[in-house]
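The chain contents come next:
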Amino acid sequence: MHDIIVRAVSFFLIVLLAYALKRAGVFTRNDGFVLSRVVMNITLPCAIITSFSSGGFTGMMLIFILFGLGINLALLAVAFLMSRGKGREDKIHYLLSVPAYNIGAFTLPFASGMLGPVSALTVCMFDAGNAFQCVGFDYAITKAVVDGNGRFSPLKAIKTVLKVPTFDCYMIFITLSLLKIPVPEEIFSFTSIVGSANGPLAMIMIGLMLEIRFDKDSSVRAFSVLLVRYAFAIVLAYIFYNYLPFSHEIRKGLAIVVFSPISSAAPSFTMDLRGDTALAGMVNSLSIAVSIVVIPLMVILL
């Protein structure tokens, strides 16, 4: 328990330190975007690969990919309801901010450092389903709604997802595990060294990208998204933890992962679609502020 609390507080302090250095002018928010490329393309893929080294993966865990997909689709349906009859900017805001989770760069560092290998693998499997939507599918749907008269190209969405290293790592190592093809220990030794940097670098990235600004209109739209996401998370976590027929470690992983913040790709996609980037950045930062308190508490209490 002591080690978990120390690690959670340490992560929180790293975020605060990075944010303070940004406010002092040592770094800028753009440095956070540069660091995000390092995290998403180097340290996170290595952390994902290392999670398979424990040997805890079983074919049964594939069902958690469906959990990730299904919950994201449910949130996307909620987003469509919230955006019905709204203008273009609101459609972009709700369709990109309500569904999809930032698991790899946020929740996985907590799971890898503070949960057991089974819980961490559960989080990874959920993220494999989540990744399909947050890095391609949701963006393609939103673009079709606001710019393409409803014309959606599944092929383009799949091509976008296949270009993402984290998704490719999931698919490759899930396949290797299912086929029982051994992976040389030297590979895991390398990825464990690089992947161990994922947690601190991800927290620095979050601190640099943290931006919270309030005005009445933006606040209403931002808090409506947060209310829906975290109310949804409370209900799901309660069901997952108390009623699913899995081990405690798996139920704990599932209960925690649904409190992940909004996908870090949402502000970038909003910018690409010429939406309200200030609002996207604010709601993203607020969700991080909530999750960075809630997730460590759940790790400690569950």
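Refer to the structure printed above.
Computed from a predicted model, the values in this text were never measured in an experiment.

### Regarding helix H3 (residues 63-83)
And step 1. The end-to-end C-alpha separation of H3 is 30 Å, in line with the 30 Å expected for 21 residues at 1.5 Å each.
And step 2. Within the span of H3, buried status applies to Phe64, Ile65, Phe67, Gly68, Ile71, Asn72, Leu75, Leu76, Ala79, Met82 and Ser83. Here the buried residues of H3 occupy an arc of 165° about the axis, which is enough to place them on one side. Away from its buried face by more than 90 degrees, H3 exposes Leu66 and Leu81.
And step 3. In the stretch just after H3, glycine 85 is the one whose phi turns positive, near 80°.

### So, unusual backbone geometry
And step 1. Although it is not a glycine, alanine 100 sits at a positive phi angle of roughly 75°.
And step 2. Within the element layout of this structure, alanine 100 appears in the loop between helix H4 (88-97) and helix H5 (103-114).
And step 3. The backbone phi angle of lysine 180 is positive, close to 55°, even though this residue is not glycine.
And step 4. Note that lysine 180 resides in the loop between helix H8 (165-178) and helix H9 (185-195).
And step 5. The exposure class assigned to lysine 180 is exposed, which follows from its relative accessible area of 71%.

### Describing the packing of aromatic side chains
For any pair of aromatic rings, the description rests on two quantities: the centre-to-centre distance and the angle between the ring planes.
And step 1. All told, the structure shown has eight aromatic pairs when counted by the stated rule.
And step 2. Summarising the aromatic geometry, the rings of tyrosine 230 and phenylalanine 259 are spaced 6.4 Å apart at their centres and angled 25° between planes, so their arrangement reads as stacked. Taken as a pair, tyrosine 230 in helix H11 (residues 216-243) and phenylalanine 259 in the loop between helix H12 (248-257) and helix H13 (265-272) lie far apart in primary sequence, 29 residues in all.
And step 3. The class of tyrosine 230 is buried, set by a relative accessible area of 11%.
And step 4. Ring pairing ties together the aromatic residues Phe64, Phe67, Phe240 and Phe246, which thus form one cluster.

### Here's the deal with the packing of H13 against helix H14 (residues 277-301)
And step 1. Two elements in contact, H13 and H14, have axes whose closest approach is 9 Å; the angle formed by their N-to-C orientations is 175°. Accordingly, the angle class assigned to the pair H13 and H14 is roughly antiparallel. Here Pro267, Thr270 and Met271 of H13 come into contact with H14, specifically with Thr277, Ala280, Gly281 and Asn284.
And step 2. Classifying every residue of the contact of H13 with H14 by side-chain character gives three nonpolar, four polar and no charged.

### Observations concerning the pattern of salt bridges
And step 1. Inspection of the entire model under this criterion finds two salt bridges.
And step 2. For the salt bridge of aspartate 90 with arginine 221, the shortest nitrogen-to-oxygen distance reads 2.8 Å. Of this pair, aspartate 90 sits in helix H4 while arginine 221 is found in helix H11, placing the two residues 131 residues apart along the sequence.
And step 3. Across the salt bridge formed by aspartate 276 and arginine 221, the nearest N and O atoms sit 3.3 Å from each other. Note that aspartate 276 is positioned in the loop between H13 and H14 and arginine 221 in helix H11, a separation of 55 residues in sequence.

### Considering the nonpolar core
And step 1. Residues Met125, Phe126 and Val258 are the most contacted members of the largest nonpolar core, which totals 79 residues.
And step 2. Not counting residues within four places of it along the chain, the set of residues in contact with methionine 125 comprises Phe52, Phe57, Met61, Phe64, Ile65 and Ile174.
And step 3. Counting residues in hydrophobic clusters, the runner-up holds seven residues, among them Leu96, Val146, Ala265 and Phe269.

### What about the packing of helix H2 (residues 29-51) against H9?
And step 1. Contact pair H2 / H9: the axes reach a minimum separation of 8 Å and the direction vectors enclose 130°. Comparing their axes, H9 and H2 come out oblique. Read as a crossing pair, H2 and H9 show a hand that is left-handed. Each of Ile42, Thr43, Cys46, Ala47, Ile49 and Thr50 in H2 lies in contact with H9, whose residues at this interface are Phe188, Phe190, Thr191, Ser192, Val194 and Gly195.
And step 2. Taken together, the residues of the contact of H2 with H9 sort by class into seven nonpolar, five polar and no charged.

### Overview of the environment of alanine 140
And step 1. Looking at where alanine 140 falls in the secondary structure, it is placed in helix H6 (residues 117-146).
And step 2. Under the relative-accessibility criterion, alanine 140 is labelled buried at 18%.
And step 3. Put simply, alanine 140 and proline 154 are 14 residues apart on the chain and 8.1 Å apart in space, counted from C-alpha to C-alpha.

The rules behind each value
Residues numbered from 1 in each chain as written. Predicted model: local features only at pLDDT ≥ 70, side-chain atom pairs only at ≥ 80, totals over all residues. Heavy atoms only, no water. Helix = DSSP H or I, 4+ residues; strand = E, 2+ residues; numbered from the N terminus. Expected span 1.5 Å × (residues − 1). Buried < 20%, exposed > 50% of the residue type's maximum accessible area, 1.4 Å probe, protein only. Arc of directions from axis to C-beta. Phe/Tyr/Trp six-rings, centres within 6.5 Å; stacked < 30°, edge-to-face > 60°. Axes fitted to C-alpha atoms, helices over the stretch in contact; angles between N-to-C directions. Parallel < 35°, antiparallel > 145°, perpendicular 65-115°, else oblique. Contact = heavy atoms within 4.5 Å. Nonpolar A, V, L, I, M, F, W, Y, C, P; charged D, E, K, R; others polar. Salt bridge = Lys/Arg side-chain N within 4 Å of Asp/Glu carboxyl O. Core = buried A, V, L, I, M, F, W, Y, C linked by side-chain atoms within 4.5 Å. Left-handed = near helix turned anticlockwise from the far one by under 90°.

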